[in-house]
Amino acid sequence: MSVNEKMYELGSKRSAIRELFEYGKQRAKIVGEENVYDFSIGNPTVPAPECVNETIRQLTEEMDSITLHGYTSAQGDFETRDAIAKYLNKTYQCTFDADDFYMTCGAAASLTITLHALIENRCEEVIAIAPFFPEYRVFVEGTGAKLVVVKADTTNFQIDFEALEKAINPNTKAIIINSPNNPSGAIYDEATIRRLSSLLEEKQKEYAKEIYLISDEPYREIAYDGVEVPYVTKYYRNTIVCYSYSKSLSLPGERIGYILVPKEVTESRAVYAAVCGAGRSLGYVCAPSMLQKVIARCVGQTGDINLYKKNRDLLYNGLTELGYQCFKPAGAFYLFVKALEEDANRFCEKAKEQDLLLVAADGFGCPGYVRISYCVDEEMIKRSFGAFEKLYDSYQTSL
Ligand code: PLP
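Thresholds, definitions, all that
Residues numbered from 1 in each chain as written. Predicted model: local features only at pLDDT ≥ 70, side-chain atom pairs only at ≥ 80, totals over all residues. Heavy atoms only, no water. Helix = DSSP H or I, 4+ residues; strand = E, 2+ residues; numbered from the N terminus. Buried < 20%, exposed > 50% of the residue type's maximum accessible area, 1.4 Å probe, protein only. Arc of directions from axis to C-beta. Contact = heavy atoms within 4.5 Å. Polar contact = N/O pair within 3.5 Å; in protein donor to acceptor, adjacent residues only side chain to side chain.

Asker: Can you help me understand unusual backbone geometry in this one?
Answerer: The bulk of non-glycine residues show a negative phi, and the bulk of peptide bonds are trans. The omega angle of the peptide bond from A130 to P131 is -5°, so this bond is cis rather than trans. In this chain, N182 is followed by P183 through a cis amide linkage whose omega measures 25°. The phi angle at F157 is positive, at roughly 55°, despite the residue not being glycine. Looking at the secondary structure, you find F157 in the loop between β4 (146–150) and α8 (161–167). Residue classification places F157 among the buried positions, given a relative accessible area of 4%. Phi at C286 takes a positive value of approximately 65°, unusual for a residue other than glycine. Topologically, C286 is positioned in the loop between α10 (268–281) and α11 (289–298).

Asker: Explain helix α13 (residues 344–353) here, please?
Answerer: One turn of an α-helix holds 3.6 residues; hence residues three or four places apart share an orientation. When we look at burial in α13, the residues that qualify are A344, F347, C348 and A351. Down the axis of α13, the buried set is contained in an arc of 100°. They therefore lie on one face. Those residues of α13 that are exposed and aimed more than 90 degrees away from the buried face are R346 and E353. On its buried face, α13 is in contact with β11 (356–357), β12 (359–360), β13 (369–373) and α14 (378–397). Capping of α13 at its N-terminal end is provided by D343; its side-chain oxygen lies 2.9 Å from the backbone amide nitrogen of N345. At the C-terminal side of α13, D355 shows a positive phi close to 60°.

If you want it as structure tokens, here you go:
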């Protein structure tokens, strides 16, 4: 075989989540779609806000198609970056400008570009705090660096600072955080962000080097009950934001997001240039042109987040009543539940017998838990409770 072995391996086996999603589609053909309770994947079910379709209609009518569909600047249209800067400045009282932004094809591209821009050699390490989005491993290892996992604080899914402090060493290049979190639904509160910032400042001084904080924020706007999501760049200077409109505007298939390198970052122009270079080297220049123009006009809008909140309440209350131990999510659209046995993979296999498709959290760095994605049809949640009850009861009788 004359192909890259690592790439062959990545391309030949689907992620556990995709595998389960495909299984669900096959199973639906046998038992009927309404009898499969697929909680596997994080595909938004709330429609994009009307302004998205309206803007697409306007753009196709108002703009000549050469401009609408043509290449933009490598880093993205000035008007789009300027609109995003103005929106963030107004919302979070910041002082960004257009040239701090690099438009990307979603958060996956934002993260891979940022990591490629930062990592200098194979000795470097990037820390992820469990539970974490499993693709971080692929993205970090793709740069040659090592992913270091800090175990979860399962009491409240904030950060286990003792474990984090032990994990930081002179090879640490960056830490990735994700709040609101996939898969726990936790939002890091201000105390957590402050403590994280002082720890990183301290470690930067101790090792006389920069340690970057990469804030992966595709769920920033999906927060319930008025819980604040602190704007991380205001707390820690060397923060780089990786954002995506996949979830907030329900546009996951359109591939649009950005990287923000604030001026406060040490040698920010050099870091920004490295971002541009990594985008070029990875073939990511010029994010989708029409979507950039949509963002310029729809910045600040979201889909109806209340629909996710309704699903959260329905599922959290229903499963808690049945006896499951659930962490109440403050944001995103995932419910994190303790498996009814130590081995969450075995628990998920038993759930499959009831046609409940749940994801074991081992791949998220948090064994013993499962992730239930509730960006699904509300009626499916209601129909699934019988199956959840049977699953729960099967553990009571087998004890
Ligand atoms: N980061 C997290 C935490 C995610 O949950 C996802 C997608 O589910 C991504 C990044 C990738 O997002 P995108 O589809 O915008 O590439």
